[in-house]
Amino acid sequence: MAVHVNEVQVVGAGPAGLMAAEVLAKSGVRVAIIDHHASPARKFLLAGRGGLNLTHSEALEQFLARYGEARDFLEPAIRSFPPDTVRQWCEGLGIKTFVGSSGRVFPACLKASPVLRAWLRRLADLGVTLRSNTAWQGFGDTPTILAMGGASWPELGSDGGWVEIFAKAGIAVTALEPSNGRQRVAWSEGFAAKFAGSPVKNIAVTADGTSVLGEIMIAPDGLEGGAVYALSSQLRRSRSMVIDLRPALSGAEVENRLLARRRKDSRSTFLRKAFNLPPVAIALMRETNSSNPKQVVVNTSGPADIRRAISTAGGVARDEVDAFFRLKKKPNTWVVGEMLDWDAPTGGYLLQACFSTAHRAASDCVKRLAEGS
């Protein structure tokens, strides 16, 4: 059925919504962005406090593998708008990028606010209208791209309120769960009081058969940090992780050193001397009743509150959309970004997938409008 339209509506003024609006407007489509908050991209600005990790510079095959079982779902979008193109896009805003020592890509300004200001100027120059303090009223006849995010940091905009509207429309949504967030652990009072805020660096963490290198941070009520975040999906299946405090040493070497302990050495003194462990690592072994620094088992009671997670897993079920993220039951509506059912670790993978799904959906919308279909 031909669709004649004067305007396309983008719902959500976060990075996915802004990218969708840009693609549409550059193709000559009139675009209105609506957002229920007074100002755009508030969570984007929050993310920028840590430097605004836009994407990652690793080889594309390795990059795609970071999305786990969602790779096939996201790969066409990421290949059509890959990390190198994200860097070109940012530099097109007049903001240089650089690759950090970890391979992550950042704007040279290391802030989100200059990127957002330049982006909003570009959208204004393209004629995009931003309607703040305007809530989405549900499915209608206007071609629409939905970019309302997940359910973390709801006061910044992504409150998951759209889930109920989708359910009433008979569109399946995989339950939203916290990702890239703190895992709760019932520490003893003394351990938490003394070591909360302390990092444990240069370790390996294993959960549900997957291991990552990195660091963790002791929180008053659990563990957080890059190595924990990277195992979010695994820790949803298994509430146990094994921490290797000295991954560079073989198991045999560790056993030999353990057997060489002298009776006169206290446990703490021995661990410090034999393995060069810092006080927080030694205390963690004591807290978990672990005798081997390569086998520190921590049992969690699940993820912390979804409202303070970096991102959310779950979302609109994959079989509810086509290859361009167009809803099969509402064919004049596309869904992008964190509203879709995928999960990824931090490191640039979150924003990249938001950019790429938005770019692919908006490009498809432009094509269909031009074809009148």
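A brief look at the structure comes next. Each chain carries its own residue numbering, running from 1 in the direction its sequence is written. Two thresholds apply to this predicted model, a pLDDT of at least 70 for residue-level local features and 80 or more for giving and counting side-chain atom pairs, whereas whole-chain, interface and lining totals are computed over all residues. Calculated side-chain values reflect all of the structure's heavy atoms, with hydrogen atoms and water omitted.

Quick word on the packing of aromatic side chains
- Note on ring pairs: Phe, Tyr and Trp rings are taken, using the six-membered ring of Trp, and paired if centres are within 6.5 Å. Classes follow the plane angle, with under 30 degrees stacked, over 60 edge-to-face and the rest tilted. Going through the model one piece at a time under the given rule, you end up with 17 aromatic pairs.
- Residues F63 and Y67 carry aromatic rings whose centres are separated by 5.9 Å and whose planes lie at 55 degrees to one another, so their mutual orientation is tilted. In terms of burial, F63 and Y67 fall into one category: buried.
- Centroid distance F191 to F195: 5.4 Å. Interplanar angle 35 degrees. Geometry classified as tilted. Taken together, the residues span about one helical turn, with F191 and F195 both in helix α8 (residues 189-195) at a distance of four residues.
- In this structure F195 comes out as buried when scored by relative accessible area, which is 10%.
- Through a chain of ring-to-ring contacts, the aromatic side chains of F44, W89, W119 and F355 assemble into a single cluster. Using a 1.4 Å probe on the protein chains alone, a residue whose accessible area is under 20% of its type maximum counts as buried, one over 50% counts as exposed, and one in between counts as partly exposed. Every helix listed is a DSSP run of H or I at least four residues long, and every strand listed is a run of E at least two residues long, numbered separately from the N terminus.

Concerning the nonpolar core
- The nonpolar core is taken to be a set of buried Ala, Val, Leu, Ile, Met, Phe, Trp, Tyr and Cys residues, with the residues joined through side-chain atoms within 4.5 Å. Formed by 72 residues in total, the largest nonpolar core has its most connected members in L24, Y67, W89, I145, F166, W342 and F355.
- In terms of residue count, helix α14 (residues 349-371) provides more of this core than any other element does, twelve residues in total.
- If near-sequence neighbours (up to four positions away) are discounted, I145 is found in contact with Q9, V10, V11, A20, L24, W334, V336, A361, A362 and C365. Note on contacts: a residue pair qualifies if any of its non-hydrogen atoms lie within 4.5 Å across the two residues.

Focus: the packing of helix α12 (residues 267-275) against helix α13 (residues 279-287)
- A fitted line through C-alpha atoms serves as each axis, taken over the contacting stretch for helices, and the angle formed by two N-to-C directions is quoted from 0 to 180°. Where α12 meets α13, the axes come as close as 10 Å, and the angle between the chain directions of the two elements is 130 degrees. The pairing of α12 with α13 is recorded here as oblique in orientation. As for how α12 packs across α13, the hand of that crossing is right-handed. Across from R267, S268, L271 and R272 in α12, the residues of α13 making contact are I282, M285 and R286.
- Gly falls in the polar group here, along with every residue not listed as nonpolar (Ala, Val, Leu, Ile, Met, Phe, Trp, Tyr, Cys, Pro) or charged (Asp, Glu, Lys, Arg). The class makeup of the residues in the contact of α12 with α13 is three nonpolar, one polar and three charged. Roughly parallel covers angles under 35 degrees, roughly antiparallel covers those over 145, roughly perpendicular covers 65 to 115, and oblique covers all other angles. What makes a crossing left-handed is the near helix being turned counterclockwise from the far one by less than a right angle; a clockwise turn instead makes it right-handed.

Some points on the sheet that holds strand β7 (residues 144-146)
- One open sheet holds the five strands; their spatial order is β6-β2-β1-β7-β16, and the pairing between them is parallel. The open sheet has two free edges, formed respectively by β6 (129-131) and β16 (333-335), since each of these has just one partner strand. Between one strand and the next, the sheet's axes are offset by a mean angle of 20 degrees, whatever the strand orientation.
- Across the sheet, α14 touches β1 (8-11), β7 and β16, and the angle it forms with β16 is around 165 degrees. For two strands to count as paired, DSSP must find a minimum of two bridges between them.

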